[in-house]
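These are the residues of each chain, in order.
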Amino acid sequence: MSANEAALMPPAIAVEGLRKSYGDLKAVDGVNFEVIEGEFFGILGPNGAGKTTTMEMVEGLRKPDGGTIRIFGESPWPRNTSLLRRIGIQLQASAFFDKLTSIEQLRTFAALYGVGGDKAAEMLELVGLSEKADTREDKLSGGQKQRLSIACALVHDPDVVFLDEPTSGLDPQARRNLWDVLESIRERGKTIVYTTHYLEEAEELCDRVAIMESGKILALDTPASLVKGLEAPTRVLLKKGVISAELAREITGVESAGEEGDLLTITTRDPGPVLAHLAENVPLDTLQVRTTTLEDVFLNLTGRAYRE
Amino acid sequence: MSAFTSLSSAALKGFFRDKVALFFSFAFPLMFIVIFGLLFADQGAEQIEIGVTGDGPVIQALESTGAFDLTEFDTFQEGFAQVRDGELPAVVAVEGSTVTLRFAASDQTAAATVRGIVEGVVNDVNLRSAGVEPQFQVRAQQVEDSSLKPIQFIVPGMMSWGVALGAVFGSAFTLVSWRKKQVLRRIRSAPIGIFTVLGSRLVATMMIGIVQAIVFIGVGTLPLFGLQLAGRWWLAIPVLLLGIIAFFAVGLVIGAFCKTEEATSGVANAVIVPMAFLSGVFFPLDGAPGWMQTISDFMPLKHMNEGVSAFLVNNQGPEALVMPSVVLAGFTVLMLAIAAKVFNWESS
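Basis of the calculations
- Residues numbered from 1 in each chain as written.
- Chains lettered and ligands numbered in written order.
- Predicted model: local features only at pLDDT ≥ 70, side-chain atom pairs only at ≥ 80, totals over all residues.
- Heavy atoms only, no water.
- Helix = DSSP H or I, 4+ residues; strand = E, 2+ residues; numbered from the N terminus.
- Buried < 20%, exposed > 50% of the residue type's maximum accessible area, 1.4 Å probe, protein only.
- Contact = heavy atoms within 4.5 Å.
- Areas by Shrake-Rupley, 256 points an atom, 1.4 Å probe, with all protein chains shown as cover.
- Lys, Arg positive; Asp, Glu negative; His and termini not counted.
- Charge placed at Lys NZ, Arg CZ, Asp CG, Glu CD.
- Pairing = 2+ DSSP bridges.
- Axes fitted to C-alpha atoms, helices over the stretch in contact; angles between N-to-C directions.
- Domains from an automatic or database assignment.
- Core = buried A, V, L, I, M, F, W, Y, C linked by side-chain atoms within 4.5 Å.
- Phe/Tyr/Trp six-rings, centres within 6.5 Å; stacked < 30°, edge-to-face > 60°.
- Lys NZ or Arg CZ within 6 Å of the ring centre and 35° of its normal.
- Buried area = accessible area lost by both parts, 1.4 Å probe.
- Salt bridge = Lys/Arg side-chain N within 4 Å of Asp/Glu carboxyl O.
- Polar contact = N/O pair within 3.5 Å; in protein donor to acceptor, adjacent residues only side chain to side chain.
- Expected span 1.5 Å × (residues − 1).
- Arc of directions from axis to C-beta.
- Patch = residues over 30% accessible without salt bridge, like charges linked within 9 Å, V, L, I, M, F, W, Y side chains within 5 Å.

S.K.: Please clarify how the overall build of chain A should be interpreted in this entry.
M.R.: Per the secondary structure count, chain A includes twelve helices and 13 strands. Overall, the C-alpha framework of chain A stretches about 70 × 45 × 40 Å when taken along its three principal axes. Burial analysis of chain A (308 residues in total) assigns 51% to the buried set. Looking at chain A alone, contacts between residues at least 24 apart form 65% of all its contacts between residues at least 6 apart. Accessible area of chain A: about 14,100 Å², with a carbon and sulfur share of 46%. Chain A carries 34 positive and 48 negative side-chain charges, and their two centres are separated by 6 Å.

S.K.: Help me understand the sheet that holds strand 9 (residues 216-221) of chain A, please; the structure alone is not making it clear to me.
M.R.: Sheet strands pair via backbone hydrogen bonds, and the direction of the pair is either parallel or antiparallel. Residues and elements named next belong to chain A. A sheet is described by the order of its strands in space; here six strands give the open sequence 5-6-7-3-8-9, paired in mixed fashion. Looking at which strands have only one partner, the edges of the open sheet turn out to be strand 5 (87-90) and strand 9. The average angle at which neighbouring strand axes cross in this sheet is 15°, direction not considered. Of the strand pairs in this sheet, strand 5 and strand 6 (residues 160-164) are connected by four bridges, and their pairing is parallel. Paired with Ile89 across the two strands is Phe162, which belongs to strand 6. Of the strands in this sheet, strand 5 and strand 6 touch helix 6 (residues 142-154), which is tilted by about 160° from strand 5. Contacting strand 8 (208-213) and strand 9, helix 9 (residues 223-230) crosses the sheet at an angle of about 100° to strand 9.

S.K.: How do you make sense of the domain arrangement of chain B when you look at a structure like this?
M.R.: Domain assignment breaks chain B into domain 1 (3-41 + 149-342) and domain 2 (48-130). Each of domain 1 of chain B and domain 2 of chain B has a C-alpha centre, and the two are 48 Å apart.

S.K.: Got a minute to help me understand the nonpolar core in this structure?
M.R.: As a rule of thumb, soluble globular proteins bury nonpolar side chains together. In terms of nonpolar packing, the biggest core is built from 122 residues, with Leu294(A) and Phe247(B) touching the most fellow members. For this core, the element with the most residues is helix 6 (residues 151-180) of chain B, which contributes 16 residues. If you look at the next biggest cluster of nonpolar residues, it comprises 28 residues, including Ile13(A), Val58(A), Leu83(A) and Leu84(A).

S.K.: Just to check I follow, could you spell out the sheet that holds strand 2 (residues 25-35) of chain A for this structure?
M.R.: Residue and element names in this part refer to chain A. Read across the sheet, three strands follow the order 2-1-4 without closing on themselves; strand pairing throughout is antiparallel. Each of the sheet's edge strands pairs with one partner strand only, and the pair in question is strand 2 and strand 4 (66-71). Here the average twist between neighbouring strands, direction ignored, is 20°. Across eight bridges, strand 1 (residues 13-22) lies against strand 2 in antiparallel orientation. Bridging from a neighbouring strand, Ala14 pairs with Glu34 of strand 2. Lying over the sheet, helix 2 (residues 51-59) contacts strand 1, strand 2 and strand 4, oriented at roughly 120° with respect to strand 1.

S.K.: Where do I start with the packing of aromatic side chains in this structure?
M.R.: The description of two aromatic rings rests on the distance between their centres and on the angle between their planes. Overall, the coordinates contain 21 aromatic pairs over all chains when judged by the stated rule. Judged by centre distance (5.1 Å) and plane angle (15°), the ring pair of Phe33(A) and Phe41(A) falls under stacked. On the accessibility criterion, Phe41(A) (0% relative accessible area) is buried. Relative to Trp178(B), the ring of Phe97(A) has its centre 5.4 Å away and its plane inclined at 80°; by these criteria the two rings are edge-to-face. Here Phe97(A) is found in the loop between strand 5 and helix 4 (102-112), whereas its partner Trp178(B) is found in helix 6 on a different chain. Considered together, Phe97(A) and Trp178(B) belong to a single accessibility category, that of buried residues. Taken together, the aromatic side chains of Phe23(B), Phe24(B), Phe28(B), Phe32(B), Phe36(B), Phe40(B), Trp161(B), Phe277(B), Phe282(B) and Phe283(B) make up a single cluster linked through ring pairs. Cation over ring: Arg175(A) sits above Tyr198(A), and NZ or CZ is 3.5 Å from the ring centre.

S.K.: Teacher, can you tell me more about the pairing of strand 10 (residues 234-239) of chain A here?
M.R.: A regular strand carries its side chains on alternate faces of the sheet. All names here are of chain A. Alignment of strand 10 against strand 12 (residues 263-268), held across six bridges, turns out to be antiparallel. Note on strand 12: the bridge partner recorded for Lys239 is Leu263. Strand direction decides the pairing type here: strand 10 and strand 13 (residues 287-290), joined by four bridges, are antiparallel. Residue Arg235 lies in a different strand from strand 13, and its bridge partner there is Arg290.

S.K.: How do you make sense of unusual backbone geometry when you look at a structure like this?
M.R.: Note on backbone geometry: most residues besides glycine have negative phi, and most peptide bonds are trans. Across the junction of Trp77(A) and Pro78(A), the peptide omega takes the value -5°, indicating a cis bond. Within the element layout of this structure, Pro78(A) appears in the loop between strand 4 and helix 3 (81-84).

S.K.: For this particular structure, what's the right way to read the interface of chain A and chain B?
M.R.: By a frequent convention, interface size equals the accessible area lost on bringing the separate parts together. Taken together, the contact pairs 30 residues of chain A with 23 residues of chain B. Overall, the association of chain A and chain B removes approximately 2,600 Å² of surface from exposure, summing both partners, and the carbon and sulfur fraction of that is 53%. On the chain A side of the contact with chain B, Leu61(A), Arg79(A) and Leu112(A) bury the most area, a combined 22% of that side's loss. There are four salt bridges connecting chain A and chain B. Put simply, Glu104(A) and Arg17(B) hold a salt bridge, and the shortest N to O gap is 2.8 Å. Here chain A is connected to chain B by 14 residue pairs in polar contact (both at pLDDT 80 or more). Mapped onto the side of chain A that touches chain B, the elements with two or more residues apiece are helix 3, helix 4 and helix 6 of chain A.

S.K.: Sorry if this is basic, but what is going on with helix 13 (residues 322-342) of chain B here?
M.R.: Note that an α-helix has 3.6 residues per turn; residues three or four places apart therefore point the same way. Residues and elements named next belong to chain B. In this model helix 13 runs 30 Å from its N-terminal to its C-terminal C-alpha over 21 residues, within 8% of the 30 Å that 1.5 Å per residue would give. When helix 13 is considered as a whole, its buried residues turn out to be Pro324, Leu328, Phe331, Thr332, Met335 and Ala339. Angular distribution of buried residues about the axis of helix 13 spans 110°; they occupy a single face of the element. Of the exposed residues in helix 13, those oriented more than 90 degrees away from the buried face are Val322, Met323, Val326, Val333, Ala340 and Lys341. Looking at the buried positions of helix 13, the neighbouring elements they touch are helix 9 (236-257) and helix 12 (300-312).

S.K.: Would you take a moment to explain helix 10 (residues 261-278) of chain B for this structure?
M.R.: Residue and element names in this part refer to chain B. Here helix 10 spans 26 Å end to end across 18 residues, near enough to the 26 Å set by a 1.5 Å rise per residue. Thr264, Ala268, Ile272, Met275 and Ala276 are the residues of helix 10 that are buried. Once helix 10 ends, the next one or two residues include Gly280, with phi positive near 70°.

S.K.: Honestly, a nonpolar patch on the surface in this entry has me stumped. Any pointers?
M.R.: Residues and elements named next belong to chain B. Together, Val20, Phe23, Phe24, Met31, Ile35 and Leu39 give the surface a local cluster of nonpolar side chains, amounting to about 570 Å² of exposed area. When you line up the elements, Leu39 lands in helix 2 (residues 19-39). Residue classification places Leu39 among the exposed residues on the basis of a relative accessible area of 58%.

S.K.: Can you walk me through the side chain of Ser296(B) in this structure?
M.R.: Take Ser296(B): it is sitting in helix 11 (residues 290-296). Separated by 3.1 Å, the side chain of Ser296(B) and the backbone oxygen of Leu278(B) make a polar contact.

Dropping the structure here:
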């Protein structure tokens, strides 16, 4: 949908001035954000940033100290059962009933919402677990459990899905597989709110991201705008000796050039002509281009490097 | 399927796929039924072994009482020697019209029994030989269906204990593991009440308890053990179910307090094992000191066991339902109140 259309629709989720303290620790310290229907919204930040606490208050599992939360215009606290039907929550990947198979888990979770288990098989297929339908939960791998827990969050066909770190602890292959699952959930028109501490993943998946640190949202926008807003130069890396730093500085558009270790780093805000020039003069297999990422955004916002 | 039946069937499937739970619910109590059943197979119907010399109407009458296993000796001295050495509790010698009884005072109960029976028999023979019609007559009839053979209290005892054990562990472990694995939070994030969740688990526990009872009674009635059910055995069912509810509630309290499965197992055992001994499910407490019997009166397992035994083997009337029902229901209310106070959805 276009930005104009989105602005006209009431937000699916509206959070204002959200606050939660544990003793002296301000876990969530005045958080504001809105999530538009159908949006893939990411909350990212390092461990302990307040992502999960924020999420739990929005889900209605934790009482806020202050602020308001509205999901489809209703407050999730105190426990709001009509709202609970419209939201799906994925918790940690072990939240299963003992000794039941994948398909039985899905049917049982469906029963908690008073709906039949007819969507169970479809959900297993959605997360790519059809072959594991009759496998018990304790016999599934970590990635399979994650996918099953996501399927369990979807089995009652909710409008909003909350996923708390669905990809953490997975190997790269399993993470990639899960990205496909998340994409296909988005394609079904669900609003997705998810937390992650993988910045490049948020950049890849999310329509908009909120970057959190120490209980506050430092920035909130589309990944592209955040990166663009940084106005950081593109870096071109070359093997040292292919071209000297002095020569590199003379290329039109180059801002700076310097050697570090066995690499020559060229920075530019106009990468097109610079790359064209380099392509004519140096062997391309020695060349790497680094564009700005959310990691640079985080560094810029907090003044320190991002650690997952 | 409704949420309730769906959750009950999930709990039943989980239980019947859990080998450890199956062992402790079925094999473990069954093991005790078999061991005790075989160990005490002949007790209760046991005759007292005594020595006799001579013959005549007195010896015949002694034999027909069925109370004695008679060993005949040629001379009185031989029998007397056996009594002196502690091999026999007593010896009876009939010589003409003199009946001599020599008994060992070491076992006073046996001695009194032997004396009483021998004197009774001699009086009876005297009256008959004198041709006198007795003025008073005792009409004695036993109350129990088949005396108190040990299997008659072993099976109800082990059944009460095994079912209580299953109910306590079932609810305590479910609560702790669900809290630890965040299943409780997941349930809380669904539009379903905690009472539907607990109720469905209770129904599953009751079904398991009924299957346990059928298995234990079934094994008890095998000819090898010879359990005999009284006519109104079915009145034991409400007591059994009330017992399951009470111990399910005990499990909820334990599950509300404990954070880990290890702690749960320890606490549940610390509660149920002493209670089992104080409730007389392993052996009757008739001979126990008074203070112990007083403690025993506060044990729900004792009342469950008494209620179950009253109908299963003792053929008591429906009025025997009152005491166990009141105690078990009251205990359930108390436990639920404590559980509700301590219960926490989350471990933190």
